[in-house]
Amino acid sequence: MLVISETKPTYKAYALNNFRNIPQMGRLSESERRAIEIVGHVLPFKVNNYVIDELIDWDNYRDDPIFNLVFPNEQMLRPEHFAEMAQTMKQTDDRNAIRDTAHGIRLHLNPHPAGQVELNVPEIDGVKLMGVQHKYRETVLFFPSSGQTCHSYCTFCFRWPQFVGMNEIKFAMRETELLVKYLEQHQETTDILFTGGDPMIMKFDVFRQYIEPFLDKNNKTNIQSIRIGTKSLGFWPYKFIDDEEADKYLQLFEQVVKSGINLAFMAHFNHPNELRTPAVQKAIRRLRRTGLQIRTQSPLLRHINDDPLAWAEMWREQVNQNCIPYYMFVARDTGAKHYFEVPLVRAWDIFRNAYQRVSGLCRTVRGPSMSATPGKVQILGVAEVGAQKVFTMRFLQGRNPDWVARPFFAKYDEKATWLDDLKPAFSDKFFYEDELQAMYAQKVKDEQIPVLG
Ligand SMILES: *Cc1c(COP(=O)(O)O)cnc(C)c1O
């Protein structure tokens, strides 16, 4: 009798140098494979065997949401950029020439959206903490130096410049020590959010060094929640099942929860198909048993999830598996934005159509939300005030906490895809604009940084 053992896949990554070895590539046309190479020289590209073998429906790969989530295609560059890169690659094998062309194109793809970094990097004793962003009073973002890659890259990723060497974070030496010191001096900060890349890419012995300081009873920070932003459940759930170190991670998570700190996975799921495999369901069950929470978030993306039924199904499936829907984001204005973007009015339409189809348990989700320079701005909807059609919005988070939860208005614009496209209604400025300008001016004065946007 043939016994089929339960196979435990070993992580195997594919990038430009070896993706042609993926057996399923035989289904693509040569021009599609060539397009992966051309676009993949400009935007980051990496995929792994779990995504390929368990998530993508290869019979319909062209319309498959996960295929579009990880594999580049010709439309992800504007025609002139695609032609330019194709031409260069046809003419030369010279790495430097190809790199120069790629760099020139990248500069047109808004690699530094909203000048975030300059405004958000905090200091301690005159030293800049480059792996830290402190934009909202209660929550500090931390980019651990060993967590700056992912199990697979998303074609829409707004952090793409980090992965092509454009926005490399210059990490401080002794980064954890400085972070803890900063948090001790900032008692208003209750939350630390580990982000990346993906912190769950780290080896256990590296990862635990970032967490353990918060378990030390002598630490004087006011950290009450540790969050981990991760795509690992979507891209490599074996991390928590039968990877060698899976149990060590689960034990550490349990220890954090037992110490009285709230531990939350901020899990990126972009499509309900990512919640259906036995591996992801088992990983979620094991993680939940440690007492950690799983909250979920995703941007709204054309070609991947621009459909209210997909969102309703995704939220319901998440709640069924004991995850908490958290944010629906608007795709940021960077990278292949023209391919993924959805007008704000359509984003709101998809949100409310999905929201109307689910029970209150799923309605912990908030959106559609733009992470813009002044803060996280939620589109509440389209309304008529007097005879004027307007967008109603509010801050979910603000650079100034006092901006949060005040409704404000913009002129209706059916083409607008980002906050910058909107014009104030009933006034010549949005209520926060003068204050935001003053914050910039102060920062420029303090540091003589270049003024961005
Ligand atoms: C979204 C975000 C946070 C977390 O905000 P919450 O509303 O607490 O989830 C923190 N810092 C930055 C820069 C963010 O964009």
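Structure: above.
Quick summary incoming for the structure in this document. Model, not experiment: these values are computed from the prediction. (Residues numbered from 1 in each chain as written. Predicted model: local features only at pLDDT ≥ 70, side-chain atom pairs only at ≥ 80, totals over all residues. Heavy atoms only, no water.)

When you tally the buried positions in strand β10 (residues 293-300), you get 6 out of 8 residues, the bulk of the element. With 5 bridges joining them, strand β9 (residues 262-268) and β10 adopt parallel strand pairing. Across the sheet, residue Phe265 finds its bridge partner in β10, namely Ile294. In this fold, the crossover linking β9 to β10 by way of helix α12 (residues 278-289) has right-handed handedness. The sheet contact formed by β10 and strand β11 (residues 324-330) spans 6 bridges and is parallel. (Buried < 20%, exposed > 50% of the residue type's maximum accessible area, 1.4 Å probe, protein only. Helix = DSSP H or I, 4+ residues; strand = E, 2+ residues; numbered from the N terminus. Pairing = 2+ DSSP bridges. Right-handed = clockwise from strand over helix to strand, strands pointing away.)

Apart from glycine, the bulk of residues carry a negative phi angle, and the bulk of peptide bonds sit in the trans form. Between Gly196 and the following residue, Gly197, the backbone shows a cis peptide bond with an omega angle of 15°. Of note, Gly197 is situated in the loop between β7 (191-194) and α9 (204-215). Following Gly367, the chain continues to Pro368 via a peptide bond in cis, the omega torsion being -15°. Inspection of the secondary structure puts Pro368 in strand β12 (residues 366-371). You will see that Asn110, though not glycine, has its phi angle at about 50°, which is positive. Note on placement: Asn110 falls in the loop between α5 (95-106) and α6 (116-120). On the basis of relative accessibility, which here comes to 31%, the residue Asn110 falls in the partly exposed class. In this model, His303 sits at a positive phi of 75°, which is unusual for a non-glycine residue. On the secondary structure map, His303 appears in the loop between β10 and α13 (308-320).

The ligand sits among Lys135, Tyr136, Thr139, Leu141, Arg227, Tyr326, Tyr327, Lys376 and Gln397. Within the contact set of the ligand, an oxygen atom lies 2.7 Å away from a side-chain nitrogen or oxygen of Arg227. Calculation on the ligand without its partners gives an accessible area of 390 Å², and the protein chains cover 88% of this total. Secondary-structure elements contributing two or more residues to the shell around the ligand are β5 (132-136), β6 (139-142) and β11. Broken down by class, the residue content of the shell around the ligand amounts to 4 nonpolar, 2 polar and 3 charged. (Near = heavy atom within 4 Å. Polar contact = N/O pair within 3.5 Å; in protein donor to acceptor, adjacent residues only side chain to side chain. Areas by Shrake-Rupley, 256 points an atom, 1.4 Å probe, with all protein chains shown as cover. Nonpolar A, V, L, I, M, F, W, Y, C, P; charged D, E, K, R; others polar.)

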